[in-house]
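What follows is each chain in one-letter form.
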Amino acid sequence: MIIIFEFIAVIRNYIQKGVSINMKRSHLLFSSALLSLALVACSDESSDTTSATTPEGDGDGEETATPDESADEQIVIEHAFGETVLDDIPERVATVQWGNQDIALALGVEPVGFSAANYGVQDDSGLLPWTKDQLDELGVTDPNIYQDTDGLDFEAISDSNPDVILASYSGITQEDYDLLTQIAPVVAYPTTPWTTPWREQVLMNAEGMGMKAEGEQLIEDTEATIDEALEDYPEIEGKSVVWVNFSADDMSNLHLYTPVDTRVSFLKEELGLSTPEDVEAMIENKDEFFLSLSAENADVLNDADIIIGYGDEELYEAVKADSRLGQIPAIERGSVVMVGNATPLAAAGTPNPLSIEYTIEEYVELIGDAVAKLDE
């Protein structure tokens, strides 16, 4: 074990001197670490390993015996890049990219590091309001936030020394995954980037923390929150919706989110809305979470009871004044929800339990008002 600690000390000293570790060097360091571990393991095969001690971290240098916290069985999580196997319940949890930290926080776990939010933040904190509220509730005053909005900060992630990295809702690439796994086991998305529904996010991340039962309870609690918000708006269920993003600079092209996108799947699965058949028919790749539509073909939106998009009242008036788009029934009668761009409500469009709890009443009220225009 002395060999391992000396090796780690050398690396930490190297980093603390301000030397930047590039990707190739990181690979060499991690490979060397694994080799050292293997050599030590081989030399200790005949030693007694029936008891374990771990430092309590109280600064006195003593080691106190603790119960074996490993799971009775391995935790195996399948995802887009294969499967992740955890032999022990992780103690140090890191998350990357969008919203995964909120699930850990909702389960009462402070991540050792997580990515700054890159959308909807109203200050320079890198925190959305529901994340900040939960951190406050847990008594966390100085969270370790990765400034990786321009790409994952592998060095910062490594420095946080995680036992597992949660990324069930993310857009990490194969290369990202390969590099992250050099740091710790990774829980990636199940099939395609940026399409993991909130329930599956909870289940995968919770299982990656050894908290499957707690994750299932969190889902039940969140479902109850949604149901309570919908009680005053029974008219929402069964209506059809399309999430369309317009641009005042170019009305000739529209941007639609498809049913696989988490914004739309939330509207369908949780609020009971549907996608018009004409829109469904034009989606060729069911794995794509968005598609482009020419304004010349905007008649496919005619059967939408309501339309949702990012923007404000000024943008809505511009769309309504357009000679082609203004003829779409939902736009003409005002059955439109314009979600303020770069606001917390807009950020909550890709939901998780914390963002749902924070915004669901406002969101449902806006949708209810748009549906009410059908009877005017």
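That block above? That's the structure.
Not measured: the values here are computed from a predicted model.

Cut-offs and rules
- Residues numbered from 1 in each chain as written.
- Predicted model: local features only at pLDDT ≥ 70, side-chain atom pairs only at ≥ 80, totals over all residues.
- Heavy atoms only, no water.
- Helix = DSSP H or I, 4+ residues; strand = E, 2+ residues; numbered from the N terminus.
- Buried < 20%, exposed > 50% of the residue type's maximum accessible area, 1.4 Å probe, protein only.
- Contact = heavy atoms within 4.5 Å.
- Arc of directions from axis to C-beta.
- Salt bridge = Lys/Arg side-chain N within 4 Å of Asp/Glu carboxyl O.
- 1 Å grid on protein atoms, 1.4 Å probe; cavity = no way out; pocket = protein on both sides within 12 Å on 5 of 7 lines; lining within 4 Å.
- Points joined across faces, edges and corners; volume = space filled by probe spheres on them.
- Nonpolar A, V, L, I, M, F, W, Y, C, P; charged D, E, K, R; others polar.

Colleague: Would you take a moment to explain the environment of Tyr 177 for this structure?
Modeller: Locating Tyr 177 in the fold gives a position in helix 6 (residues 174-180). Accessibility expressed as a relative area gives 9% for Tyr 177, which makes it buried. Linking Tyr 177 and Ala 188, residues eleven residues apart in sequence, is a C-alpha distance of 7.9 Å. The contacts of Tyr 177, once residues within four sequence positions are left out, are His 79, Phe 81, Glu 83, Thr 84, Ile 172, Val 186 and Ala 188.

Colleague: How should I be thinking about helix 4 (residues 129-137) in this particular structure?
Modeller: Because an α-helix completes one turn every 3.6 residues, residues spaced three or four positions apart along the sequence face the same direction. Within helix 4, burial applies to Trp 130, Thr 131, Gln 134 and Leu 135. Projection of helix 4 onto a plane perpendicular to its axis shows the buried side chains occupying an angular sector of 140 degrees, all on one side. Check the buried side of helix 4 and you find it contacts helix 3 (100-106), strand 6 (114-115), helix 13 (344-347) and helix 14 (353-372). Positive backbone phi, at 80 degrees, marks Gly 139, one or two positions downstream of helix 4.

Colleague: Just to check I follow, could you spell out unusual backbone geometry for this structure?
Modeller: Phi is positive for Gln 97, which is not a glycine, with a value near 65 degrees. Within the fold, Gln 97 resides in the loop between strand 5 (93-95) and helix 3. Positive phi, close to 60 degrees, is recorded for Trp 194, a residue that is not glycine. Relative to the helices and strands, Trp 194 resides in the loop between strand 9 (186-187) and helix 7 (198-208).

Colleague: Just checking my understanding: could you explain the pattern of salt bridges for this structure?
Modeller: Pairs may arise between side chains of opposite charge once their charged atoms sit close together. Considering all chains together, one arrives at five salt bridges under this definition. Taking the shortest distance from any N to any O, the salt bridge between Arg 263 and Asp 261 comes out at 2.8 Å. The same class applies to Arg 263 as to Asp 261, namely buried. Within the structure, one salt-bridge network assembled from shared partners comprises Arg 199, Glu 223 and Glu 270.

Colleague: Explain the layout of surface pockets here, please?
Modeller: Of the volumes computed, that of the second largest pocket is approximately 450 Å³. If you go around the second largest pocket, you meet 20 residues; those closest to its centre are Trp 98, Asn 118, Tyr 119, Tyr 169 and Trp 194. Its residues assigned to classes, the lining of the second largest pocket shows twelve nonpolar, six polar and two charged.

It is worth stressing that arrangement in space is one thing and function is another; only the former is reported here.
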